[in-house]
Amino acid sequence: MVERSSTAFLPEDAPTLHGLRVMDTAFGSGETRSYVYVVITSDDGLGVRDRRVYVDLVRMLENSDRVSEVQDYLGKPEVRESMTSTDGEATYLVVGLRSSVGSPASDEDVKWLRSVVDDLRTPTGTEVHVTGDPAMIADLTTAVNEASLKVTVVSLLLLVGILWLVYRRVATVLVSLATIGVALLCTRGALAWAGEHGLALSTYTDAFVVAITLGAGTDYCVFLISRFREEYAGGLQPLDAVAESVSRVGPALLASAATVILGAICLGFTDLAIFATTGPPMAICVAVTVAVSLTFTPALMRWFGPRIGPAPQPRADSRWARTGRLVGRHPARILVAGLTVLILLALALPTMQLSFDERAAQPPDTPSNLGLAAMAEHFPPNQTLRDYLLIRFDHDMANTRDLAVINAISTAVAKVDGVDQVRSITRPAGTPLEPASIANQLGKLAKGLRQAENKLEAGEPGLKRLAFGAGDLSDALGQVSAGAGKAEQGAGKLSDGSRLIADGLGQAADRTDQAADGARQLRDGAATLAAGLRTAHDQVAVAVDGLGMIVEALEDDPICTADPTCKRSREGLRKIYTGLRDELLPGLARAAAGADRLAAGDGRLAHGLDQLAAGLRQAQSGSRRIAEGQAQLGSKLGELEGGTDRLADGAAGIAPGIERLLTQTEKLQEGLGGSAGYLQDVNQRADTPEAGGFYLPASTLGKPDFALARSQFLSADGKLTRIQITGDTDPLTPAGQERYDEVHAAAEQAMNDTRLDDSTILATGAAGLGADLAHYLADDAVLVVLAVLLMVLLILVLTLRAVVAPLYLLASVVLSCAAALGLTTLVFQHLAGQDIHFTVPVIVFVLLVAVGADYNILLMSRMRESGLALDRDEVARAVTATGPVITAAGLIFASTFVALLFSPVEALAQTGFAVAAGLLLDTFVVRTLVVPACAALFEDRSWWPHSRIAPARTLRPGRARADAAT
């Protein structure tokens, strides 16, 4: 038998399941179809022995063919913290299974895994739980199967009690019990055969099969037996009474069964598996039951014959006779009263809240729910119910610009109400990467500029000393020039004062030595200045390159372009960068080159002064020949005076140049300080949620400490990235579905007008499951409602050969269904605090509309037996004749669904209550008051378009006596 779980609801092409397969292919084994969680808890805190249990379990699971992957923290210390509770008392691992959720193989896998867990040698106080979707479905199946016997026993007891109260004959009870026993056996055999040939069956199938077979089988028996007793009381022999009963009731039973069969078949065309796997088995069940009722039951009636007994003669003062006359006399008032009751109950229907949570659909003490309770006790909410956004693009996204977009998407998703944590490639720990933010990087650059400013400030005293040295050199050269002038003026007196000349030449030689020393000092200072300028040029060039990279990154950042603050900051940085690159750097280079040339010139000057000193000394020693070279000496001294003046003027010009360099250096220092302050201001403004600045070099992804994050959030080819979302609300509630829609919308908006604008967004996870279920449920509900109403209307039209009567009959059962669902909402949701399981409204609608139409067919068929003549007296007689039978049938069918209230499965209990309430409303309000009142108001117009009054049929003597008594 092929079995589908009631929570394997979605079709294979559902977005959530497609996203799960894509994610498993990119980040898992590619063979995983479902996941279970193994939770290990210890009241005394996890110890060494508990870790040994963990290690042994991982090793056993990794060696099993049933397991496709094991997600644990062995060998991954960085993951251990996230998989261990903060109180140190619980940990878990994720086990991937190769079997689909809800399949027989999945149930076997869960059973095997629990046996493995049971065989572990756990310390005292340590518990190991297996939970997750496959485990919940396995437990749900077990709960349904265990409750099936209880439901069957309760149903049979109720049936026997009602049959005995109605007929007070053992033979009647035995005929009914034998019929439903054979029908149940045949139904199970037919379903087993169909399952072996590919029919998918739901977990709920067995419960519905029991309820429908018992209820429908007993109803069909009641209709046949009641008509048999009526014919037998009219004077027919048992065999003739059986034949007459089948000929009269058989068409109505077939039409009634056809409404249920076709309505159930409509469920087979839905997308959700819970409906598609429940509808066809229900149709098979009803088809087999009506076949048994029209073949096996007449044989039993013929065999028991007189033991069944005739029907008592109807009394004119009976309850049903009085009801019929009341409806015939006051149809408008009765109709208003009946509709008021139904409408008041139906008003609660719009307040219905649907639940997609299978955890609440089973008892809280099942093993899987105990595991979930352990997780909830030690871990944050929704630890095992995360959602995932998958972004797929046609190229590798491991680059700076795409990573910035992914970060923007993650940031946008994190801002959605109800989102507790977002993890992605740009925030693997759930928080933004601080080193990757532009704010952080601008702060570092500002710090570097501050350091450059401080270094320039430290070199300022040296430049000042160099300026002072240049002034001293100028003064010394001025003295040399004055001395040379005096020597020239006294050349004529050399012959008279050779000693004075010798002394003057000695002094000149000494002064020349001093000038040479000053020139050498100037040369060394100029060389030092050139080196300092080149160093300043190189440091500023590094800062300029850094600014250029920042400007380029900000110009490529779409978020910065959209943010006015960041855009203005980027324009300011561009001006600074242009000024530094085009003005400051060339000026520093030219200043360094000039200093180099000055150093070279001053070296030659020093060498010349040394030679002059040597010459003066030679003149001093050769004073005897002074007289001979007086003319030449005068000329040379004149030249010396002019050259020394020029040298003094040049040395005097050095000092202002150094002063200007000092001034420019101070301006550079101020500019660097201003730039540092500006970048710090940008840093403060960029480090805000609104700015969202982010810059992560692609090379970072290749670093060892980033390898785990890459493997978790970026596929091997870089074309798929996933964003993990944990909410603070239950993802399987309406709030979780609303959060899912908002997350999806936020991600799409964040990608607009970016490099990833054309990428595909997929989603999977618990909230995605609920959203997909809600989407498919809405589509399936429309399909089922329209198809069932059309099918039931068609059968009513064909059976009654009219249009007006089928229309108000169909309207009455729809209103009855709405009232039953409204009452269910009041009881379970508003009084018991349980949301309504999402499967309940659709299944209840199909059953109530179809079964309600059954009773209406029997009532209207009785009215139709008199031909086209229909008046209020005929309506009263039909109510009197069919009242006891249809009431008994309604009570019997309702009792079989009342038994579902004893099921521990929430969805079955709610369905049982709703169907039972609807059947009782249909029995005592719709069929007793509303429909007869409509028939009394429309009279023979009910059979439109047939309006010609046909002659009344000839009645048999027994029938005439019965009608006369009525």
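Parameters at a glance
- Residues numbered from 1 in each chain as written.
- Predicted model: local features only at pLDDT ≥ 70, side-chain atom pairs only at ≥ 80, totals over all residues.
- Heavy atoms only, no water.
- Axes fitted to C-alpha atoms, helices over the stretch in contact; angles between N-to-C directions.
- Helix = DSSP H or I, 4+ residues; strand = E, 2+ residues; numbered from the N terminus.
- Parallel < 35°, antiparallel > 145°, perpendicular 65-115°, else oblique.
- Contact = heavy atoms within 4.5 Å.
- Salt bridge = Lys/Arg side-chain N within 4 Å of Asp/Glu carboxyl O.
- Buried < 20%, exposed > 50% of the residue type's maximum accessible area, 1.4 Å probe, protein only.
- Pairing = 2+ DSSP bridges.
- Patch = residues over 30% accessible without salt bridge, like charges linked within 9 Å, V, L, I, M, F, W, Y side chains within 5 Å.
- Areas by Shrake-Rupley, 256 points an atom, 1.4 Å probe, with all protein chains shown as cover.

(A) Just the packing of helix α21 (residues 734-751) against helix α22 (residues 766-800), in detail. Here α21 crosses α22 at 95 degrees, and the two axes come no closer than 8 Å. Considering the angle they form, α21 stands roughly perpendicular to α22. Residues G736, Q737, R739 and Y740 of α21 form the contact with α22, whose participating residues are A767, G768, G770, A771 and A774.

(B) Representation of the pattern of salt bridges in the model. For the structure shown, the criterion picks out eleven salt bridges. Residue D387 pairs with R739 through a salt bridge whose shortest N-O separation is 3.3 Å. Here D387 is found in strand β8 (residues 387-392), whereas its partner R739 is found in helix α21, with 352 residues between them in sequence. You'll find D387 and R739 in the same group, each marked buried.

(C) Focus on unusual backbone geometry. With omega at 15 degrees, the peptide bond leading from W944 into P945 counts as cis. Mapped onto the secondary structure, P945 falls in the loop between α26 (906-938) and α27 (957-965). Despite not being glycine, D753 shows a phi value in the positive range, around 60 degrees. Mapping D753 onto the fold places it in the loop between α21 and β11 (760-765). Its identity is not glycine, yet R801 carries a phi of approximately 55 degrees, on the positive side. Note on placement: R801 falls in the loop between α22 and α23 (804-831).

(D) Here's a closer look at the sheet that holds strand β3 (residues 67-71). The antiparallel open sheet is built from four strands, whose spatial order is β3-β4-β2-β5. Among the strands making up the open sheet, the edge pair consists of β3 and β5 (126-131). The average angle at which neighbouring strand axes cross in this sheet is 20 degrees, direction not considered. Here β3 pairs with strand β4 (residues 90-97) via four bridges, running antiparallel. The residue bridging E69 from the neighbouring strand is G96, located in β4. Relative to the sheet, helix α5 (residues 133-167) contacts β2 (34-42), β4 and β5, its axis offset from that of β2 by approximately 90 degrees.

(E) Quick look at the sheet that holds β11. Spatially, β9-β10-β8-β11 is the arrangement adopted by the four strands of the open sheet, whose pairing is antiparallel. At either end of the open sheet lies a strand with only one pairing partner, and these are β9 (419-423) and β11. Each adjacent strand pair in this sheet contributes to an overall mean axis angle of 20 degrees, direction not counted. Where β8 and β11 come together, six bridges link them in antiparallel fashion.

(F) Broad picture of a nonpolar patch on the surface. On the surface, a nonpolar cluster with roughly 470 Å² of combined accessible area is contributed by W164, L165, V166, V170 and L174. Sorting the residues of the nonpolar patch by element identifies α5 and α6 (170-196) as the ones contributing at least two each. In terms of residues, the nonpolar patch owes the most to one element, α5, which gives three residues. Tracing the backbone shows W164 in helix α5. Residue W164 is classed as partly exposed on the basis of its relative accessible area of 40%.

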